[in-house]
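A structural walkthrough
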Amino acid sequence: MYIKKGLSFSCMKYLSLCVVLFLLLISCTQKEAQETIKIGVSVPLTGSGAHLGAPYFQGVDFAYKEINAQGGINGKKLELFVEDNQNSPKEGVSVFHALELRHPDLILSTMSTATMSMAPLAKEAGIPVFASMIYADVTAVNDNAVIFFPTAKQEAKLAVDDMKKNNINKVGVIYINSEYGKASMEGFVVEAKSRGITISAVEVFDGDLTDYSTPILKIEKENPQAIYIIAINTVPILQHLKSTDSELIAYANVVSIGGNLIYQSEVFEGVHLTAPPVSVPASVENTNFRSKIQGSIPLEKNTLAYNALGYDSLYAIVAVLKKNPNAKDFVKTFSGYGVFKGAAGEYNLEGRKVEMPLYPVVFKDGNIHQVQ
């Protein structure tokens, strides 16, 4: 009997020690979790949007290292969890579930199709969403989300301003059948009609289309002066126009500049687009940001647009969390923050849709020129 009691007492001591160690482990884990701010990142690193996601994430990663080297946010380091959304609605959902397992304080999501597919899930989970590189209005389906990117209306206004300067009154439109394409198309139609520009033809195409001869021929039959191109990759459409010696003046948006496509093909010569100040050579923003990232991010054939946007995205998140560290209040704090000065220019953080500073530009003689 004594031996049994002795063994029972020893076991109790052992179990007590295990419980203490277990509680200490939980305490240390909780303390460690409290000392970091977790941000999930959904970005296209492969697939059709990779040429956009790569420079954007380079900017995010540069800012991440810089911020942590400076001590993080109020003494708390940032912790990034990065997932590849492949610019796909299906992967947008998969990425959300992968990020949710890491219990992020906030999710930074990019691309319209991927972000719109995960938006309801994030809303249900109560995780704030900071969306960038997106034209679809995620704020309409998720009241716990903000947008940090040009709106379709802003892009359309700049394009129409440029068209009016060039006395263009009749235009055809070709757009990709996606969340991005539809939102941009709707924005352009409203702006063009309000300014007296006739849209003579509209053609929509699927993302896997390789032969653009039929839709462009239909547009040209209506004799427009210009064509407005809404695509993730405008190169094959412009190549077709150049190969047929088309006289249509080509217009597009910031996507081609953001993805550095304009420095990778001669077909952009004479094309009108939009660009942030940081992409205009010799601007203060261009000079300062180029100097900052030199040696860390490749500068050759780089417009800096999405590098700066990614950089500014993370710094905007940090600025908001410094003002109010409670991530549950992120959207409210963001919406009333005020002026945020970023690498790409000034952003006015008022409301849930914050537009990126942009200029109408034209690509001429191998470089970006602001339209005066």
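Residues numbered from 1 in each chain as written. Predicted model: local features only at pLDDT ≥ 70, side-chain atom pairs only at ≥ 80, totals over all residues. Heavy atoms only, no water.

Confidence in the prediction for the protein averages 91 pLDDT; 91% of positions are at 70 or higher. In the model, residues 1-9 has pLDDT below 50 throughout and makes zero contacts with residues more than four positions away in sequence or in other chains. Counting interchain partners and residues more than four positions distant, the pLDDT-below-50 stretch residues 26-33 has zero contacts. (pLDDT = per-residue confidence, 0-100. Contact = heavy atoms within 4.5 Å.)

With parallel pairing, six strands are arranged side by side in an open sheet as β2-β1-β3-β4-β5-β13. Edge positions in the sheet fall to β2 (77-84) and β13 (353-354), since each has one partner strand and no second. Looking at chain direction, strand β3 (residues 106-110) and strand β4 (residues 129-132) are connected through four bridges and run parallel. Bridge pairing links Leu-108 to Phe-130 in β4. Contacts between helix α2 (residues 50-69) and the sheet are confined to β1 (36-43), β2, β3 and β4, with β2 contributing the most and set at about 165° to the helix. Where helix α3 (residues 89-100) meets the sheet, its contacts fall on β1, β2 and β3, and the angle it forms with β2 comes to roughly 145°. (Pairing = 2+ DSSP bridges. Helix = DSSP H or I, 4+ residues; strand = E, 2+ residues; numbered from the N terminus. Axes fitted to C-alpha atoms, helices over the stretch in contact; angles between N-to-C directions.)

The phi dihedral of Asn-74 falls on the positive side, at around 50°, and the residue is not glycine. Of note, Asn-74 is situated in the loop between α2 and β2. Classification of Asn-74 by relative accessible area gives exposed; the value is 53%. With a phi angle near 55°, Gln-86 is a residue other than glycine that sits in the positive phi range. Structurally, Gln-86 is set in the loop between β2 and α3. (Buried < 20%, exposed > 50% of the residue type's maximum accessible area, 1.4 Å probe, protein only.)

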